[in-house]
Amino acid sequence: MTSSSGIPHHIAIVMDGNGRWAAKRFMPRLAGHRQGMESLRRCIRACVDRGVAVLTVFAFSSENWNRPADEVSGLMELLATALAKEVPKLQQDGVQVHFVGERSGLSDKVRAGLAQAEAATASNGRLILNVCFNYGGRWDMAQAAAKLVAQGKPITEGELQGAMALAHVPDPDLIIRTGGEQRLSNFLLWQAAYAELFFSDKLWPEFDEAELDRAMAEFSRRERRFGQTSAQVAAGDQKVA
Ligand code: IPE
Ligand code: IPE
Ligand code: MG
């Protein structure tokens, strides 16, 4: 979905490169994650300013548990403190927060923080922010299928779409990955079907308004065909959904 102004309705970001940003400065990896949080704050504000309706960010993957224990606990701590600190600012900016991912592996403290932040921002309407935390695309597909089975529903594309953890928003139009890597790393595997991909060499803490604008400008130049021909797209033919 794209507005007539060419602004993507839904942008999703793999916020990668915090560790390398810190290593380049001889700092601990956690300092990179802290700086990454600043970058996220700036990005949220920029998306609000540009009229983006949905921003989905990858903050912690199902596979990130495999990192050293001190980095994992540092990331959990960072999330817990950020939640407490950020909610009033998100309120001010009209941001509605959703946490997307498996919650059962998280501590009671973090889980309570997530629920509180969601409840406090539920009536905001300027930007929907989905924070994917303890999330994996494969987890999402498996949990959606399990839900349908438990409800005795058929496993169809439509039913699966509706049972996914991101069923409250349309699929992303633009997926950005920072940090120079060109892979999805288990992010939005189902929802990425027709997203435009943009890879930035900037490390996440360096990702700023100018780079966001570069990604959005590139997006506005792409022709999205959804399986049709260029001529059909030019003629404005309706695709068969
Ligand atoms: C992304 O930055 C943040 C998380 C995965 C939590 P990284 O920590 O992966 O940074 P690099 O890729 O090692 O530089
Ligand atoms: C993807 O980054 C996960 C997040 C940004 C949260 P990783 O740094 O974990 O991905 P890989 O391991 O390089 O594929
Ligand atoms: Mg990485």
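This text gives an overview of the structure that appears in the document. (Residues numbered from 1 in each chain as written. Chains lettered and ligands numbered in written order. Predicted model: local features only at pLDDT ≥ 70, side-chain atom pairs only at ≥ 80, totals over all residues. Heavy atoms only, no water.)

### Digging into the sheet that holds strand 5 (residues 174-177)
Line of reasoning, step 1. In space, the 6 strands of this open sheet follow the order 3-4-2-1-5-6, with parallel pairing throughout. For this open sheet the edge positions go to strand 3 (95-100) and strand 6 (196-199), each flanked by a neighbour on one side alone. Across the sheet, the mean angle from the axis of one strand to that of its neighbour is 20°, orientation sign disregarded. (Pairing = 2+ DSSP bridges. Helix = DSSP H or I, 4+ residues; strand = E, 2+ residues; numbered from the N terminus. Axes fitted to C-alpha atoms, helices over the stretch in contact; angles between N-to-C directions.)

### Quick notes on the site of ligand 1
Line of reasoning, step 1. By nearness alone, every residue bordering ligand 1 is listed as Met15, Asp16, Gly17, Asn18, Gly19, Arg20, Arg29, His33, Ala59, Asn64, Arg67 and Leu75.
Line of reasoning, step 2. Contacts to ligand 1 include Gly17, whose backbone N or O atom sits 3.3 Å from an oxygen atom.
Line of reasoning, step 3. Take Arg29: an N or O atom from its side chain is 2.9 Å from an oxygen atom of ligand 1.
Line of reasoning, step 4. Every element with two or more residues in the shell around ligand 1 is listed here: helix 1 (18-24) and helix 2 (29-50).
Line of reasoning, step 5. Top element by residues in the shell around ligand 1 is helix 1. It accounts for 3 residues.
Line of reasoning, step 6. Within the shell around ligand 1, the residues separate by chemical class into 3 nonpolar, 5 polar and 4 charged. (Near = heavy atom within 4 Å. Polar contact = N/O pair within 3.5 Å; in protein donor to acceptor, adjacent residues only side chain to side chain. Nonpolar A, V, L, I, M, F, W, Y, C, P; charged D, E, K, R; others polar.)

### So, the packing of helix 3 (residues 69-93) against helix 4 (residues 108-121)
Line of reasoning, step 1. One can describe the packing of helix 3 onto helix 4 by two numbers: an axis separation of 10 Å at closest approach and a directional angle of 15°. Judged by the angle between their axes, helix 3 and helix 4 are roughly parallel. By crossing handedness, the relation of helix 3 to helix 4 is classed as left-handed. Contact residues: helix 3 offers Met76, Glu77, Leu79, Ala80, Leu83, Val87, Leu90 and Gln91, while helix 4 offers Lys109, Val110, Gly113, Leu114, Ala117, Ala120 and Thr121.
Line of reasoning, step 2. Of the residues in the contact of helix 3 with helix 4, the class split is 10 nonpolar, 3 polar and 2 charged. (Parallel < 35°, antiparallel > 145°, perpendicular 65-115°, else oblique. Left-handed = near helix turned anticlockwise from the far one by under 90°. Contact = heavy atoms within 4.5 Å.)

### Notes on the pattern of salt bridges
Line of reasoning, step 1. One pass over the full model with this rule turns up 22 salt bridges.
Line of reasoning, step 2. Note that Asp173 and Arg224 form a salt bridge whose closest N and O atoms lie 3.0 Å from each other. Residue Asp173 is found in the loop between helix 6 (157-163) and strand 5, and its partner Arg224 is found in the loop between helix 7 (209-221) and helix 8 (230-235); the two are separated by 51 residues along the sequence. As far as burial versus exposure is concerned, Asp173 and Arg224 are alike and both buried.
Line of reasoning, step 3. Ionic pairing is found between Glu211 and Arg214, a salt bridge with its closest N-O pair at 3.0 Å. Of this pair, Glu211 and Arg214 both sit in helix 7, 3 residues apart, which is roughly one turn of that helix.
Line of reasoning, step 4. One connected set of salt bridges, linked through shared partners, spans Asp173, Glu196, Glu218, Arg221, Arg222 and Arg224. (Salt bridge = Lys/Arg side-chain N within 4 Å of Asp/Glu carboxyl O. Buried < 20%, exposed > 50% of the residue type's maximum accessible area, 1.4 Å probe, protein only.)

### Description of the pairing of strand 6
Line of reasoning, step 1. Of the two faces of strand 6, the one lined by Glu196 and Phe198 is fully buried and the one lined by Leu197 and Phe199 carries no buried residue.
Line of reasoning, step 2. Two elements, strand 5 and strand 6, share 4 bridges in a ladder whose sense is parallel. When the bridges of strand 6 are listed, Leu174 appears paired with Glu196.

### Some points on the environment of Ala80
Line of reasoning, step 1. When you line up the elements, Ala80 lands in helix 3.
Line of reasoning, step 2. The class for Ala80 is buried, based on a relative accessible area of 17%.
Line of reasoning, step 3. Sequence separation between Ala80 and Ile128 is 48 residues; the distance between their C-alpha atoms is 20 Å.
Line of reasoning, step 4. Those residues in contact with Ala80, other than ones at most four positions away along the chain, are Lys109 and Val110.

### Topic: the nonpolar core
Line of reasoning, step 1. Judged by nonpolar contacts, the single largest core of 44 residues is most densely connected at Ile11, Ile13, Leu55 and Ile176.
Line of reasoning, step 2. In terms of residues, this core owes the most to one element, helix 3, which gives 10 residues.
Line of reasoning, step 3. When near neighbours in sequence (up to four residues on either side) are disregarded, Ile11 contacts Val52, Val54, Leu55, Thr56, Leu174, Ile176, Leu212 and Met216.
Line of reasoning, step 4. Formed by 14 residues, the second largest nonpolar core is a distinct cluster that contains Val100, Leu166, Val169 and Ile175. (Core = buried A, V, L, I, M, F, W, Y, C linked by side-chain atoms within 4.5 Å.)

### Some words on the state of the cysteines
Line of reasoning, step 1. Enumeration over the complete set of coordinates arrives at 0 disulfides.
Line of reasoning, step 2. With no disulfide of its own, Cys43 lies 4.3 Å from the sulfur of Cys47, the closest cysteine sulfur.
Line of reasoning, step 3. The exposure class of Cys43 is buried, given its relative accessible area of 4%.
Line of reasoning, step 4. Left without a disulfide partner, Cys132 is nearest to the cysteine sulfur of Cys43, which lies 14 Å away.
Line of reasoning, step 5. Judged by relative accessible area, Cys132 falls into the buried class, the value being 0%. (Disulfide = S-S within 2.5 Å.)

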